[in-house]
Amino acid sequence: MSDVQLTPDSVRFELDQVSRELRKASDAIYQAELNMEKAELDAQWGFDLVFTSDDEGSVEDRKAKARISTKELRQMASDAKAAYNRVRTKEKHLSQEQMRLMATLKSLMIEGA
């Protein structure tokens, strides 16, 4: 918040802004979760495909080949998970800000400002 005198109206205005951002964050979390799940499934599918299509070598050798072959898919899954976590963190911060603003508004209302 700025250095401007706090009034119930100014706090309500900021609270409305935070509430709008929280609604956007909710949609973003949903989309990021879908992207993360898809990327993880793609990586697992790729690994399984490579692992089961090669019957030469030990199980550990086949796993190593599958990990090498699916490096990009696994990196995409990791990036999608990081994006999801970033959106979740933003949503948590917005929620905390909303709680702070609500407490401030309550305090101002009690003081009669």
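Conventions we followed
- Residues numbered from 1 in each chain as written.
- Predicted model: local features only at pLDDT ≥ 70, side-chain atom pairs only at ≥ 80, totals over all residues.
- Heavy atoms only, no water.
- Helix = DSSP H or I, 4+ residues; strand = E, 2+ residues; numbered from the N terminus.
- Rg over C-alpha atoms; globule rule 2.2 N^0.38 Å.
- Buried < 20%, exposed > 50% of the residue type's maximum accessible area, 1.4 Å probe, protein only.
- Areas by Shrake-Rupley, 256 points an atom, 1.4 Å probe, with all protein chains shown as cover.
- Lys, Arg positive; Asp, Glu negative; His and termini not counted.
- Charge placed at Lys NZ, Arg CZ, Asp CG, Glu CD.
- Expected span 1.5 Å × (residues − 1).
- Salt bridge = Lys/Arg side-chain N within 4 Å of Asp/Glu carboxyl O.
- Phe/Tyr/Trp six-rings, centres within 6.5 Å; stacked < 30°, edge-to-face > 60°.
- Lys NZ or Arg CZ within 6 Å of the ring centre and 35° of its normal.

Asker: Looking at this model, I keep getting lost on the overall build of the protein chain. Mind explaining?
Answerer: Each helix and strand counted, the protein chain has three helices and zero strands in total. Starting at the N terminus and ending at the C terminus, the protein chain contains elements arranged as α-α-α. Against the globule reference of 13 Å for 113 residues, the protein chain gives a C-alpha radius of gyration of 24 Å, more extended than a compact globule. When its C-alpha atoms are laid out on the principal axes, the protein chain stretches across 80 × 20 × 20 Å. Out of the 113 residues belonging to the protein chain, those deemed buried represent 26%. Element-wise, carbon and sulfur atoms account for 54% of the exposed surface of the protein chain, whose accessible area totals about 8,300 Å². Of the side-chain charges in the protein chain, 18 are positive and 21 negative, and the distance between the mean point of each set is 2 Å.

Asker: Explain helix 3 (residues 71-111) to me, please; I cannot follow it from the model alone.
Answerer: An α-helix turns once every 3.6 residues. As a result, residues three or four positions apart point the same way. Along its 41 residues, helix 3 runs 60 Å from first to last C-alpha, staying within 8% of the 60 Å computed at 1.5 Å per residue. When helix 3 is considered as a whole, its buried residues turn out to be Ala77, Ala80, Tyr84, Leu94, Gln98, Leu101, Thr104, Leu105 and Leu108. Phi turns positive, to about 80°, at Gly112, one or two residues after helix 3.

Asker: Got a minute to help me understand the pattern of salt bridges in this structure?
Answerer: Between side chains of opposite charge, pairing is possible as soon as their charged atoms come close. As enumerated under the stated definition, the model contains six salt bridges in all. Arg100 is the salt-bridge partner of Glu97, the closest N and O atoms lying 2.7 Å from each other. Of the two residues, Glu97 and Arg100 are both situated in helix 3; the distance of three residues between them amounts to about one turn of the helix. Residue classification places Glu97 among the partly exposed residues on the basis of a relative accessible area of 24%.

Asker: Quick question: what am I supposed to make of the packing of aromatic side chains here?
Answerer: Two measures describe an aromatic ring pair: the distance that separates the ring centres and the angle between the ring planes. In this structure the tally under the stated criterion is one aromatic pair. Judged by centre distance (6.2 Å) and plane angle (5°), the ring pair of Phe47 and Phe51 falls under stacked. With Phe47 and Phe51 both in helix 1 (residues 8-53) and four residues apart, the pair spans about one turn of that helix. Judged on exposure class, the residue Phe47 and its partner Phe51 are both buried. Its guanidinium or amino end placed over the ring of Phe51, Arg62 lies 4.2 Å from that ring's centre, counting from NZ or CZ.

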